[in-house]
Amino acid sequence: MVALIPLLPLLGAAIMLLIGRYLPRAVVNLLCCATIAGAFALSLAIPQGEFVFATWLPGIGADWAFLIDELSILMIRLVTGIGLLIHVYSIGYMEHDSGYYRYFGYLNLFVFFMLLLVMANNYALAFAGWEGVGLASYLLIGFYFDRKSAGDAANKAFLMNRVGDTGYLLAMFTILAATGTLNYAKSAAEVTPTWAVAAAVLLFFAATGKSAQLPLFTWLPDAMEGPTPVSALIHAATMVTAGIYMIARSQAIFSAAPKVLGIVAAIGAVTALMAATIAMVQADIKRVLAYSTVSQLGLMFLALGLGAYWTAVFHLFTHAFFKALLFLSAGAVIHSLDGEQDMRKMGGLRKNFPFAFATTVIGTMAIAGIPGLAGFMSKDQILWIAYQRAPILWAFGVTTSLLTAFYMWRMVEMTFLGEPHHAEPHSLPLTMRAPLVILAIGSIFAGWVPLGTPPAHGGSMEYGLMAIATLAALTGIYLAHRDVMLLSPFYFIFRRRWWVDEVLFGLFARGFGQGGGGMLAAIDGGVVDGAVEGAGWLTKAISRVSILWDSWIVDGAVRFTGTAIRLASYPARLIQTGSLQNYALAILAGAAAFLGWALTR
Amino acid sequence: MITTGHYIVLSAALLLIGTLGVLIRRNIVVLLMSIELILNAVNINLVAFSQHLQNLEGQIFAIFVVTVAVAEAAVGLGILIALFRNKETVQADEVNLLKW
């Protein structure tokens, strides 16, 4: 039964990708939603424990085996639950798209790999899922493959993830070399600080790729080229949280390497703030949300870096709800405005589109950290822990909160308030409304779900910090409402996205590419060409001898034979005159001779 | 009364005329005509002996020979026209490239 959870989406994907094009739209919709719904229903009754199905690589703990514990149950339910909502939503969103079967097939495929990733009981099987979600992400970002920008974005996402995956592979080798097993529990039992540092750094590098942290976060905003429900599911709620999950899963290794945890926290804090500043100057509604995702993931890494693994997972959980809600609301807006994504061309949608306005405001309030809503509950835990361990990180977190509230409300202002720019938007089908309502409810109440062990409460100190965070959020909203250009002197930095893309390009594409190219050219010219030329000279010398032998001995024999035969045949050739009648005469003579011989015999 | 012997004489005469024509005349059209004479000499022989031996096979064979002769004439004349287009001549002794 446990195995059925990932197998159902795999079945759906296989059917869609093999014969999906021959199936009517209603069957595709029903089938794909049914597989995810089935997986979700099964996950509600899933037993805990370790389930081994088959040996894959014997002796090193890399088996087809699932580890079902509190953490993976949460992830399974999150992936299938949010996945189900987004599948249902996609029925409405993709109703005018002819590639719907391909779309649903990829989406099912993604859910399969994501489940594999969170259910595996060892690093190797999880890596299969890790790569698989990257593949599904690539396919879905490039879903509109007739747009060049979509293809480029898909390549960028795939390549940047590959860079991170190198870290994962090396981490796997490190763990394998140190403990001889890739099984989570067995390797965690043998953790020693010496190799834990290397493994933790490498795993964290892998996580920066998958979860879009510095320096590898620039692929995520570009990934918005995919259909909006995909952005909600893969690039906000689930796949990008794989890095968080993986670090939480490897907490034994990370806890043994406190210095690496410090790096994780620092990178998380800096990414959170940096992405928030970039989100402030975006004009594309989906890009605002994308940078917001990077920023929120940064907060999760901040929590991980402080050793508060369950707090990070808690934020992951609440974030999945409100970020999916925000993306799907944005999708509703985009859908009803015939694909318009530029917020500068929107405005005043509140009157014509109160439904999307309501869901967006709920999502915004949740992410901004208005007390009681989901985002507040988890972010408050992170900030509280940060304040206890390192106040500087707390400052980063609060500043990020303020900026988050600011850019999110700026988005609401630009999209829903102000003067209407558009005619009546289309109405939404029920399949798109229902998931929005469910996610909105989740965004309000998800924070009250008890998960793991919350940090010890700190009495008035904690309430004071809560008040400060709330005040920061309200300030951000107020400033956005008053149309204040917060930090406007630095906009040129934010617009260029802190030059991260340029630095990466300069360092890797140009630096390693061309610098490495120069070195390779030197090796090529000196060593490789030298060897080739030496071999060429030797071959030439040998061939000289060969030529002499050939032209005198071999050719001599052949020519002598030819000449001899030519001389010997000279008399015979004289018979050939070329004249037809000579030949006729010869035939007659021959016939007469034969006749004479035959008659006189 | 015309006996089989008369036919054989006629046939031999035609064969001789045809053979000499092939050997002596230079014009290829005439050569082809001479070849027809040879073939018809044979035909006369076949028919005559068919009559003489009261056996129909000879006559049937003569029909075949006529058929083949037609095909041969068609091919021969075709070659002749191709030759004339290339060499502007129908003289057999001027066409003697195929030699040592």
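See the structure printed just above.
Residues numbered from 1 in each chain as written. Chains lettered and ligands numbered in written order. Predicted model: local features only at pLDDT ≥ 70, side-chain atom pairs only at ≥ 80, totals over all residues. Heavy atoms only, no water.

Section: the overall build of chain B
Counting secondary structure elements, chain B contains three helices and zero strands. Beginning at the N terminus, the succession of helices and strands in chain B can be written as α-α-α. Computed over C-alpha atoms, the radius of gyration of chain B comes to 17 Å, more than 25% over the 13 Å expected from 2.2 N^0.38 for 100 residues, which places it beyond the range of a compact globule. Expressed along its principal axes, the backbone C-alpha trace of chain B runs to roughly 50 × 25 × 25 Å. Taking the contacts inside chain B whose residues are at least 6 apart along the sequence as the reference set, 53% of them involve residues at least 24 apart. Entry remark: accessible area of chain B is about 6900 Å², with carbon and sulfur atoms responsible for 72%. Each charge class in chain B was averaged separately, 5 positive and 6 negative side chains, and the resulting centres sit 11 Å apart. (Helix = DSSP H or I, 4+ residues; strand = E, 2+ residues; numbered from the N terminus. Rg over C-alpha atoms; globule rule 2.2 N^0.38 Å. Contact = heavy atoms within 4.5 Å. Areas by Shrake-Rupley, 256 points an atom, 1.4 Å probe, with all protein chains shown as cover. Lys, Arg positive; Asp, Glu negative; His and termini not counted. Charge placed at Lys NZ, Arg CZ, Asp CG, Glu CD.)

As for the overall build of chain A
Each helix and strand in chain A was counted, giving 25 helices and two strands. Taken over C-alpha atoms, the radius of gyration comes to 35 Å for chain A, far larger than the 25 Å a tight globule of 601 residues would show. In terms of its C-alpha atoms, chain A occupies a principal-axis envelope of roughly 140 × 60 × 55 Å. Per-residue burial over chain A gives 53% buried out of 601 residues. Taking the intrachain contacts of chain A between residues at least 6 apart in sequence as the baseline, contacts between residues at least 24 apart amount to 81%. About 25600 Å² of surface is accessible on chain A, with carbon and sulfur atoms providing 70% of the total. Of note, chain A has its 34 positive side-chain charges centred 6 Å away from the centre of its 30 negative side-chain charges. (Buried < 20%, exposed > 50% of the residue type's maximum accessible area, 1.4 Å probe, protein only.)

Overview of the environment of Leu182 of chain A
Residues and elements named next belong to chain A. You can see Leu182 is positioned in the loop between helix H6 (148-179) and helix H7 (184-189). The exposure class of Leu182 is buried, given its relative accessible area of 4%. If we skip the residues at most four places from it in the chain, Leu182 touches Ile60, Gly61, Ala62, Asn122, Tyr123, Ala124, Met172 and Leu176.

Structural notes on the environment of Gly442 of chain A
Residue and element names in this part refer to chain A. If you trace the backbone, Gly442 turns up in helix H20 (residues 430-445). Each C-alpha atom, one on Gly442 and one on Leu373, is 9.2 Å from the other, the two residues being 69 residues apart in sequence. Apart from the residues lying within four places of it in its own chain, the contact partners of Gly442 are Phe321 and Ala374.

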